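Breakdown of the fold
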Amino acid sequence: MAPIDLKSPEVQIREVRLGSITGFSGTAQELVGCSHARSIREQTRSFQQSMMCASSAAFCQLSMIMDAAVVNHAPVGCAGDFPGFEVTYRIGGQERDLPPLLGRYFNSNITEADTVFGAAEKLGRVIREVYRRVRPKAIFVTTSCASGIIGDDIEGTVNDAAEELGIPVIACICEGFRSKIWTTGFDSAYHSVVRGLVKPPRKKTRKVNIINFWGSHIFEELLGRLGYEVNYILPFSSVDQLARVSESAATIQICPTLGSYFGAALEQIYGVPEIKAPPAYGLAGTDRWLRELGDVLDVRDAVEELIVEERARIEPRLAEYRRKFEGKTAYLTAGAAHGHAIIALLRELGFYVKGAAIFHHDPLYDNGDPASDALAQDVRLYGDVKNYSVCNKQEYEIINLLSRHQPDLLVARHGGMAHWGAKLGIPSFLVDDEQFGFGYQGILNYGERIEDTLDNREYLANFSAKAESPYSSWWLEQDPFCFLGDETHVEAY
Ligand code: SF4
């Protein structure tokens, strides 16, 4: 794997950098086997229904840096997801007791004429206008398919603007069509932050970087007990805070799908150690993660005490949940690393995981360490998942799979997925806070949410009785993977 290259304005896409794929059908064990043997195969779909966009993934991270502004250099349609980001940003601000927040998101409105005559000059004007209106401490420019196709000189435009305005103006190269794997957009966002904002350390601090989406803040107690402070990034951070992440004692990732690139970049370039064990989901996974954290922060004894104490605390309640859920089956659909976390949580609570539809697969992360492979850890600790597919939110596949497997529970990580289970009368819940299942308490949090979901059936019964499926019985009788084929061996990464 090539080392992190800050000279390049763009990050290599995940398909090339990590050998990641979006199409697979088989078992979890098979996928782990071929990932580790570096013989992974991409299966392409001859029919695709929907997908997310890398530009949107980049934007969702950059747009929550509180004193920065983001210009989406794109036709206005690419900004259709701004209201969703604004809702998340405002609600997240309220949850953190921040003053009322207003997103600083702008779109350069590339028109048909711009695609003929170029839109770089227009972008320069937009950047200056954004600076005049909101006086941000930094401006990021996210690119789009249109700006990529017409070949605007983004790098030259942002460099000129940075010189004139005297603040960092940073390009984030993330055109939707660059990659089939939308999480490449996270890498693009982090590349632009490391390249354009982070400064070399002046001194080391007792802060720990926590790369997270925007979930609840749960690390204060743990890190405080170990004598360290939290440093949540990127959502709700500031430009100055990000400039100093190189001074932290370590980096934690709530989800390696999100933070793989940033964690590795901070370690490679500034020597900030990244916790490489899969994030703390499930009992054994949490023990392992905490022990690595204890080694890196040099607080081994405190961590051992914590493990004994916390295990004893959750044990009685966990035993109750296990008794209650014994023999029940579950299906899940989620992004890669978080999907592996959900498998651990469900198995820990006594569910049999009938299957998983996971949005993509990274055979390894940017740290290059196979020990970070959470799916391999799941298979080792809890056994195989027989129906494991890599499916980038192709809903037609998922509804076919659910109607075939009829699990007792569906767990979905992304909005717009849980309702498919509910339409079929399957109790379903949406994981809206990725921190919710973290650590020992996270297992109980899941237990409680699942208990609620399984007990409250009246709404589900009404909803499924009235719901109309857009899919015909013909489709539900087909092989769910009949459009998945054309295996392509992915070259060694
Ligand atoms: S895929 Fe391209 S055109 Fe579509 S929203 Fe993303 S950047 Fe815009």
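Residues numbered from 1 in each chain as written. Predicted model: local features only at pLDDT ≥ 70, side-chain atom pairs only at ≥ 80, totals over all residues. Heavy atoms only, no water.

Here's the deal with the pattern of salt bridges
Two side chains carrying opposite charge are able to pair once their charged atoms lie near each other. Following the criterion strictly, the structure yields 32 salt bridges and no others. In this structure, Glu129 engages Arg132 in a salt bridge whose closest nitrogen and oxygen atoms are separated by 2.7 Å. With Glu129 and Arg132 both in helix α6 (residues 120-134) and three residues apart, this pair spans about one turn of that helix. Where Glu310 meets Arg313, a salt bridge forms, and the shortest distance between an N and an O atom there is 2.9 Å. Taken together, the residues Glu310 and Arg313, both in helix α14 (residues 300-325) and three residues apart, mark about one turn of the helix. If you follow the salt bridges from partner to partner, you end up with Arg14, Arg17, Asp187, Asp362 and Asp366 in one network. (Salt bridge = Lys/Arg side-chain N within 4 Å of Asp/Glu carboxyl O. Helix = DSSP H or I, 4+ residues; strand = E, 2+ residues; numbered from the N terminus.)

Considering the site of the ligand
Taken together, Cys53, Ser55, Cys78, Ser144, Cys145 and Gly176 make up the full set of residues adjacent to the ligand. Considering only residue class, the shell around the ligand consists of three nonpolar, three polar and no charged. (Near = heavy atom within 4 Å. Nonpolar A, V, L, I, M, F, W, Y, C, P; charged D, E, K, R; others polar.)

Comments concerning the sheet that holds strand β9 (residues 250-253)
With parallel pairing, three strands are arranged side by side in an open sheet as β8-β7-β9. Two strands bound the open sheet, and with one partner strand each, they are β8 (229-233) and β9. Each adjacent strand pair in this sheet contributes to an overall mean axis angle of 30°, direction not counted. Taken together, the five bridges between strand β7 (residues 207-211) and β8 define a ladder with parallel strand orientation. Within β8, the residue paired with Ile211 across the bridge is Ile233. The strands touched by helix α12 (residues 256-270) are β7, β8 and β9; relative to β9, the strand with the most contacts, the crossing angle is about 165°. (Pairing = 2+ DSSP bridges. Axes fitted to C-alpha atoms, helices over the stretch in contact; angles between N-to-C directions. Contact = heavy atoms within 4.5 Å.)

Examining the sheet that holds strand β3 (residues 68-72)
A sheet is described by the order of its strands in space; here four strands give the open sequence β4-β3-β5-β6, paired in parallel fashion. Every interior strand has two partners, whereas the edge strands, β4 (105-107) and β6 (169-172), have only one. Adjacent strand axes in the sheet meet at a mean angle of 25° when their direction is disregarded. In the sheet, β3 pairs with β4 via three bridges, with the strands oriented parallel. Across the sheet, residue Asn72 finds its bridge partner in β4, namely Asn107. The sheet strands contacting helix α3 (residues 54-62) are β3, β4, β5 (138-142) and β6, and the helix crosses β3 at an angle near 165°. Strands β3 and β4 of the sheet are contacted by helix α4 (residues 82-95), whose axis makes an angle of about 170° with β4.

Considering the nonpolar core
Ranked by internal contacts, the top residues of the largest apolar core, which has 117 residues, are Phe262, Trp289, Leu293, Leu346, Tyr388, Tyr446 and Ile450. Ranked by the residues each element gives to this core, the list is headed by helix α15 (residues 336-348), at eight residues. A domain-level breakdown of this core finds at least three residues from each of domain 1 (54-179) and domain 2 (314-489). Those residues in contact with Tyr446 that sit more than four places away from it in its chain are His338, Ile342, Leu345, Leu349, Val411, Phe429, Val431, Phe436 and Gly437. If you look at the next biggest cluster of nonpolar residues, it comprises 20 residues, including Trp182, Ile399, Leu401 and Leu410. (Core = buried A, V, L, I, M, F, W, Y, C linked by side-chain atoms within 4.5 Å. Buried < 20%, exposed > 50% of the residue type's maximum accessible area, 1.4 Å probe, protein only. Domains from an automatic or database assignment.)

Comments concerning the packing of aromatic side chains
Summed over all chains, the structure comprises 25 aromatic pairs. Judged by centre distance (4.7 Å) and plane angle (15°), the ring pair of Tyr190 and Phe262 falls under stacked. Highlighted residues: Tyr190 in helix α9 (residues 184-196) and Phe262 in helix α12, separated in sequence by 72 residues. The class of Tyr190 is buried, set by a relative accessible area of 0%. For the pair Trp474 and Trp475, a centre-to-centre distance of 6.3 Å together with 45° between the ring planes defines the contact as tilted. The exposure class assigned to Trp475 is buried, which follows from its relative accessible area of 5%. Here a set of aromatic residues connected by ring pairs shows up, and it is made of Phe47, Tyr396, Trp474, Trp475 and Phe483. Residue placement shows Lys393 over the ring face of Phe359; its charged tip is 5.8 Å from the ring centre. (Phe/Tyr/Trp six-rings, centres within 6.5 Å; stacked < 30°, edge-to-face > 60°. Lys NZ or Arg CZ within 6 Å of the ring centre and 35° of its normal.)

Thoughts on the domain arrangement of the protein
It is common to give the size of an interface as the accessible area lost on bringing the parts into contact. Domain annotation for the protein reports domain 1 (54-179) and domain 2 (314-489). When each unit is reduced to the centre of its C-alpha atoms, the spacing between domain 1 and domain 2 is 34 Å.

Regarding the packing of helix α13 (residues 283-297) against α14
Where α13 meets α14, the closest approach of the two axes is 10 Å, and the angle between their N-to-C directions is 165°. Here α13 is positioned roughly antiparallel relative to α14, judged by the angle of their axes. In terms of crossing hand, the pair formed by α13 and α14 is right-handed. Counted together, Leu283, Ala284, Asp287, Leu290, Arg291, Gly294 and Asp295 of α13 and Arg300, Val303, Glu304, Leu306, Ile307, Arg311, Ile314, Leu318 and Arg322 of α14 form the full contact between these two elements. (Parallel < 35°, antiparallel > 145°, perpendicular 65-115°, else oblique. Left-handed = near helix turned anticlockwise from the far one by under 90°.)

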